[in-house]
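# Summary of the model geometry
One letter stands for each residue in the lines below.
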Amino acid sequence: MGAHNRSLGAALGFCLLAGPAMAQDASGARGGAFARAICARCHAIRARGASPMREAPPFRSLAERFPIDDLADVLVEGVERRHPAMPDFRLAPAEAADLTAYLRTLRR
Ligand code: HEC
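An account of the accompanying structure is given in this report. In this text the structure is predicted, and so the values were computed from the model without any measurement.

Conventions adopted
Residues numbered from 1 in each chain as written. Predicted model: local features only at pLDDT ≥ 70, side-chain atom pairs only at ≥ 80, totals over all residues. Heavy atoms only, no water. Helix = DSSP H or I, 4+ residues; strand = E, 2+ residues; numbered from the N terminus. Expected span 1.5 Å × (residues − 1). Buried < 20%, exposed > 50% of the residue type's maximum accessible area, 1.4 Å probe, protein only. Axes fitted to C-alpha atoms, helices over the stretch in contact; angles between N-to-C directions. Parallel < 35°, antiparallel > 145°, perpendicular 65-115°, else oblique. Left-handed = near helix turned anticlockwise from the far one by under 90°. Contact = heavy atoms within 4.5 Å. Nonpolar A, V, L, I, M, F, W, Y, C, P; charged D, E, K, R; others polar. Polar contact = N/O pair within 3.5 Å; in protein donor to acceptor, adjacent residues only side chain to side chain. Donors = N, O, S within 2.8 Å, 3.2 Å for Na, K, Ca; no water. Tetrahedral: all angles 85-135°; square planar, octahedral: opposite > 155°, others 65-115°. Arc of directions from axis to C-beta. Core = buried A, V, L, I, M, F, W, Y, C linked by side-chain atoms within 4.5 Å.

## A short note on helix α4 (residues 93-106)
Because the α-helix completes a turn every 3.6 residues, residues three or four places apart line up on one side. Taking 1.5 Å per residue, 14 residues should reach 20 Å; α4 reaches 20 Å between its end C-alpha atoms and fits that length. Of the residues making up α4, those classed as buried are Ala96, Asp98, Leu99, Thr100, Ala101, Tyr102, Leu103 and Leu106.

So this is what it looks like as structure tokens:
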């Protein structure tokens, strides 16, 4: 029982406290990268700015229009339903969860 054990305990305590918040940040970061890579050429994906494609709703308006907890469903279904010309647009649930985490960050 020396200083070594105490610092190990402190490190574990830190991980337990910081874990969920950091996981949420990582998910949002993945979602943002995904949106930038795939969605951004048509949708505005940031807190400001118009969509490059006029018909495509800015992502921040998705966060305003739908309850945030339904957004993962909206993303999985909406992306399939609203992009009929792009049948390969199929989000995996994990990707939808990441995007939802990102959309949360667009909320004020
Ligand atoms: C080639 C252009 C294009 C790309 C790329 C694109 N979208 Fe869209 N998206 C649109 C257009 C246009 C609409 C509006 C369709 C409509 O309202 O009928 C739309 C609508 C949507 C909707 C439906 C919104 C609603 O009100 O129901 C969602 C959700 C959506 N897009 C998500 C995404 C996601 C997530 C990606 C990236 C994985 C993506 N889109 C990539 C053009 C695009």
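Still more ground to cover, so stick around.
## Some words on the packing of helix α3 (residues 71-82) against α4
Remark: α3 packs on α4, axes separated minimally by 9 Å, with the N-to-C direction vectors making an angle of 125 degrees. By the angle between their axes, α3 is oblique relative to α4. Crossing handedness for the pair α3 and α4: right-handed. On α4, the residues that touch Leu71, Ala72, Leu75 and Val76 of α3 are Ala96, Leu99, Thr100 and Leu103. Residue composition of the contact of α3 with α4, by class: seven nonpolar, one polar and no charged.

## Here we look at the environment of proline 52
Looking at the element boundaries, proline 52 is found in the loop between α1 (3-39) and α2 (59-65). Measuring from C-alpha to C-alpha, the distance between proline 52 and arginine 41 comes to 6.2 Å, with 11 residues separating the pair along the chain. With near-sequence residues (within four places) excluded, proline 52 lies in contact with Ala40, Arg41, Cys42, His43 and Ala44.

## Describing the side chain of histidine 43
Summarising the element assignment, histidine 43 is placed in the loop between α1 and α2. Residue histidine 43 is classed as buried on the basis of its relative accessible area, which comes to 12%. From its side chain, histidine 43 meets the backbone oxygen of proline 57 in a polar contact 2.7 Å long. When residues no more than four places from it in sequence are discounted, the contact partners of histidine 43 are Ser51, Pro52, Ala56, Pro57, Phe59 and His83.

## With respect to the coordination of the iron atom of the ligand
Each protein donor to the iron atom of the ligand is listed here as His43 (NE2) and His83 (NE2); together their distances run 1.9 to 2.0 Å. Geometry at the iron atom of the ligand is octahedral, judged from the six donor atoms that bind it and their angles of 79 to 179 degrees at the metal. Of this pair, histidine 43 sits in the loop between α1 and α2 while histidine 83 sits in the loop between α3 and α4, placing them 40 residues apart in sequence.

## Comments concerning α3
For α3, spanning 12 residues, the distance from its first C-alpha to its last is only 14 Å, which falls clearly below the expected 16 Å at 1.5 Å a residue. Listing the buried residues of α3 in full gives Leu71, Leu75, Gly78 and Val79. Projected down its long axis, α3 carries its buried residues within an arc of 100 degrees, all on one side. Contact partners of the buried residues in α3: α2 and α4.

## With respect to the nonpolar core
As a rule of thumb, soluble globular proteins bury nonpolar side chains together. Ranked by size, the top nonpolar core spans 17 residues in total, and within it Ala35, Ile45, Phe59, Leu75, Leu91, Leu99 and Leu103 carry the most contacts. If you list the elements that add at least two residues to this core, you get α1, α2, α3 and α4. For this core, the element with the highest residue contribution is α4, accounting for five residues. Those residues in contact with leucine 91 that lie beyond four places of it in its chain are Phe34, Leu75, Val76, Val79, Ala96 and Leu99.

The analysis is restricted to geometry; functional conclusions fall outside its scope.
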